[in-house]
Amino acid sequence: MKTQTVIAFDFGTRWIGCAAGQTLTGTATPLPALRARDGIPDWDELGKLLEEWKPATVVVGLPLNMDDSESELSARARKFANRIHGRFGLPVVHWDERLSSFEAKGEILEQRHSKQFKREGVDSLSAQLILESWLRSQG
């Protein structure tokens, strides 16, 4: 199988976490998070990111409730994913991200002092965990 680059987004209303990975190793790296205004990113900035990485697929984390139901944020994440597909013509996959932010916060707190937690945030680490989970499922 040919190695492919994949980009993942952890959708949020103020920040959208980003990570890039590839199918050969199944690993991902966090990228700088994108600022968002009420969930709307700077589409030019997002377009530059996609142009730079040229992903074969985009994975968007879908924040489901623990009972598998969707929330308002799930609907907004789906809309964000649909806009990426519509604007950039890339295949977009929705991926269950229920525990990624929780896991990311734990990793940051484990690795660093909690003062850095606020400064560095959790969004792109969450995107990394979402992407690595999706990559594992493709194996």
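Residues numbered from 1 in each chain as written. Predicted model: local features only at pLDDT ≥ 70, side-chain atom pairs only at ≥ 80, totals over all residues. Heavy atoms only, no water.

## What about the overall build of the protein chain?
Then step 1. Along the backbone of the protein chain there are five helices and six strands.
Then step 2. When the helices and strands of the protein chain are placed in sequence order, the string is β-β-β-β-α-β-α-β-α-α-α.
Then step 3. Taking all contacts inside the protein chain whose residues are at least 6 apart in sequence as the whole, residues at least 24 apart take part in 62%.
Then step 4. Accessible area of the protein chain: about 8200 Å², with a carbon and sulfur share of 51%. (Helix = DSSP H or I, 4+ residues; strand = E, 2+ residues; numbered from the N terminus. Contact = heavy atoms within 4.5 Å. Areas by Shrake-Rupley, 256 points an atom, 1.4 Å probe, with all protein chains shown as cover.)

## Side note on unusual backbone geometry
Then step 1. Positive phi outside glycine occurs at Lys-54, with the angle close to 45 degrees.
Then step 2. Note on Lys-54: relative accessible area 54%, which makes it exposed.
Then step 3. In the Ramachandran plot, Asp-68 falls in the positive-phi region, its phi being about 75 degrees despite a non-glycine side chain.
Then step 4. Structurally, Asp-68 is set in the loop between strand E5 (57–62) and helix H2 (72–88).
Then step 5. A relative accessible area of 51% means that Asp-68 is categorised as exposed. (Buried < 20%, exposed > 50% of the residue type's maximum accessible area, 1.4 Å probe, protein only.)

## Examining the environment of Ala-33
Then step 1. Looking at where Ala-33 falls in the secondary structure, it is placed in strand E3 (residues 27–37).
Then step 2. For Ala-33 and Arg-14, which are 19 residues apart along the polypeptide, the C-alpha to C-alpha distance reads 9.9 Å.

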